[in-house]
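Letter by letter, the chains look like this.
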Amino acid sequence: MKEHINKKNMLKIQNLHVATDKIEILKGINLTVKCGETHVIMGKNGSGKSTLAKAIAGHPKYTVTKGQILFNNQDITFEEPEKRSHKGIFLAFQYPVEISGVSNTDFLRLAYNSNRKANNFKELDPLSFFELINAKIKKIQIEPSFLVRNVNEGFSGGEKKKNEILQMALLRSKMCVLDEIDSGLDIDALKTISDYVNKLRTHSQAIIIITHYQRLLDYITPDFIHVMKDGLIVYTGGPETAKALEKHGYEYIKQ
């Protein structure tokens with residue numbers, strides 16, 4: 001007999017309204033993500049998917065006008081982005097930015113130690129961190145030369161996405177929001193990224209994946225798929241939803 005696991009809520013979004021430049025984008029989002037679950041959010045361009053991702057992470061450009069975001073039963077609706085990060089929320093950007101003059105190693109070490117310090121752990125010295133990060137890059141099949149390059153500068157689309165996943169793995173994030181992590185990837189890179197995301201999935205972690213394409217879901221099987229339209233979640237289904245959308249388009253939701 002399979003043991004029943006009573007999973008607790010990790011993220012609970014209630015009646016969330018979000019605006020940017022005084023234009024309302026999210027118009028009453030309700031979403032609950034439990035520990036160990038993987039949720040996928042799909043929808044046409046402009047439906048509010050990326051806005052939701054950034055609102056969860058606390059992006060300052062997006063203003064919550066109504067509603068609430070709870071993370072592990074703590075109200076983080078108006079909390080600073082860095083505090084959310086230190087609590088375990090991670091956002092992999094759709095378009096990762098380049099940082100000239102900052103090596104990947106230095107950036108990753110500072111982020112890692114900032115997280116440890118905020119959670120009352122001892123910071124790692126450069127040598128200890130070098131050993132840690134080298135073990136991580138082997139798992140994601142990244143060349144060591146990757147670490148001495150400037151952050152995302154001259155990186156291919158696949159390398160930028162691998163760098164996002166490397167950050168997620170390094171910080172051991174609890175709530176991982178992956179905004180179109182599959183865009184710009186060839187099939188080999190897609191398989192590598194998907195494989196590592198699957199390895200990171202645990203009963204103590206949760207993942208939200210935003211995507212346009214069913215192909216990613218050939219490698220990562222979600223628990224739920226949500227479809228957004230005009231700033232609202234208009235449909236929630238199981239893993240089979242993606243194939244139906246691929247076959248019938250968003251007319252499937254009307255049916």
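Above: the structure in question.
My aim in this report is to walk through the structure given alongside it, one point at a time. This structure is a prediction, so every number in the text was calculated from the model and none was measured. The residue count restarts for each chain, going from 1 along the sequence in the order it is written. Local features in this predicted model are restricted to residues whose pLDDT is 70 or higher, and side-chain atom pairs enter the listing and the counts only when it is 80 or higher, whereas totals over whole chains, interfaces and linings include all residues. Only hydrogens and water are set aside when side-chain values are computed; all heavy atoms of the structure are taken into account.

1. Remarks on the overall build of the chain
Working definition: helices are DSSP H or I runs of at least four residues, strands are E runs of at least two. Numbering for both runs from the N terminus. Tallying secondary structure elements over the chain gives eight helices and 12 strands in all. In terms of overall dimensions, the chain has a C-alpha envelope of 55 × 50 × 40 Å along the principal axes. Expressed as a percentage of the 255 residues in the chain, the buried residues total 47%. Counting contacts in the chain only where the partners sit at least 6 residues apart, residues at least 24 apart contribute 68% of the total. Distance between charge centroids for the chain: 4 Å, based on 36 positive and 29 negative side chains. Type-normalised accessible area, obtained with a 1.4 Å probe on protein chains alone, sets the label of each residue: buried when under 20%, exposed when over 50%, and partly exposed for intermediate values. It only takes one pair of heavy atoms within 4.5 Å for two residues to be counted as in contact. His is not counted, nor are the chain ends; Lys and Arg add positive charge and Asp and Glu add negative charge. Where a charge lies is defined by one atom per residue type, namely NZ (Lys), CZ (Arg), CG (Asp) and CD (Glu).

2. Things to note about the state of the cysteines
We call a pair of cysteine sulfur atoms a disulfide when they lie within 2.5 Å. For the structure shown, the criterion picks out zero disulfides. Of the cysteine sulfurs around C35, a residue in no disulfide, the closest is that of C176, at 12 Å. Of the residues examined, C35 reaches a relative accessible area of 7% and is grouped as buried. A relative accessible area of 0% means that C176 is categorised as buried.

3. Topic: the packing of aromatic side chains
Only the six-membered ring of Trp is used, alongside the rings of Phe and Tyr, when aromatic pairs are assigned; centres must lie within 6.5 Å, and planes under 30 degrees apart are stacked while those over 60 apart are edge-to-face, with the rest tilted. Under the counting rule described, the total for this entry stands at two aromatic pairs. Ring centres of Y112 and F129 lie 5.7 Å apart, and the angle between their planes is 45°; on these two criteria the pair is classed as tilted. You can see Y112 sitting in helix α3 (residues 104–118) and its partner F129 sitting in helix α4 (residues 126–139), a full 17 residues away along the chain. The exposure classification of Y112 matches that of F129, with both residues buried. Measuring from ring centre to ring centre gives 4.8 Å for F146 and F155, while their planes differ by 35°; the resulting arrangement is tilted.

4. Remarks on helix α6 (residues 187–200)
An expected span of 1.5 Å times one less than the residue number is assigned to each helix. With 14 residues, α6 extends 20 Å from end C-alpha to end C-alpha; this agrees with the ideal 20 Å at 1.5 Å per step. Every buried residue belonging to α6 is among A189, L190, T192, I193, S194, Y196, V197 and L200, and all of these are buried. Where α6 is buried, its residues contact α4, α5 (157–171), β9 (175–179) and β10 (206–210). Counted as a polar contact is a pair of N or O atoms within 3.5 Å, where, for protein atoms, one must be capable of donating a hydrogen and the other of accepting one, and residues adjacent in sequence contribute only when both atoms are in side chains. Of the residues flanking the start of α6, the one acting as N-cap is D186, its side-chain oxygen 3.2 Å from the backbone nitrogen of D188.

5. Notes on the sheet that holds strand β6 (residues 89–92)
Strand order in the open sheet formed by six strands is β6-β9-β10-β3-β11-β12, and the pairing between neighbours is mixed. Because the sheet does not close on itself, it has two edges, and the strands there are β6 and β12 (232–237). The mean angle between the axes of side-by-side strands here comes to 20°, regardless of whether they run parallel or antiparallel. For two strands to be treated as a pair, DSSP must find no fewer than two bridges joining them. Examined bridge by bridge, β6 and β9 share four bridges and lie parallel to one another. Bridging from a neighbouring strand, L91 pairs with V177 of β9. Note on method: axes are straight lines fitted to C-alpha atoms, helices fitted across the in-contact stretch only, with angles between N-to-C directions ranging 0 to 180 degrees.

6. Examining the sheet that holds strand β1 (residues 9–20)
Pairing is antiparallel in the open sheet, where four strands are placed in the order β2-β1-β4-β5. For this open sheet the edge positions go to β2 (23–34) and β5 (74–75), each flanked by a neighbour on one side alone. With two bridges connecting them, strand β4 (residues 63–71) and β5 associate as antiparallel partners. In the strand pairing of β5, F71 is matched with Q74. In the packing of helix α1 (residues 49–57) onto the sheet, contacts are made with β1, β2 and β4, and the angle to β1 comes to roughly 115°.

7. Looking at the pattern of salt bridges
A pairing counts as a salt bridge when a side-chain nitrogen of Lys or Arg comes within 4 Å of a carboxyl oxygen of Asp or Glu. Under the counting rule described, the total for this entry stands at five salt bridges. Among the salt bridges present, the one from E79 reaches K87, with a minimum N-O distance of 2.9 Å. Classification of K87 by relative accessible area gives partly exposed; the value is 26%. Close ionic contact of K160 with E98 constitutes a salt bridge, the shortest N to O distance being 3.8 Å. Note that K160 is positioned in helix α5 and E98 in the loop between β6 and β7 (99–103), a separation of 62 residues in sequence.

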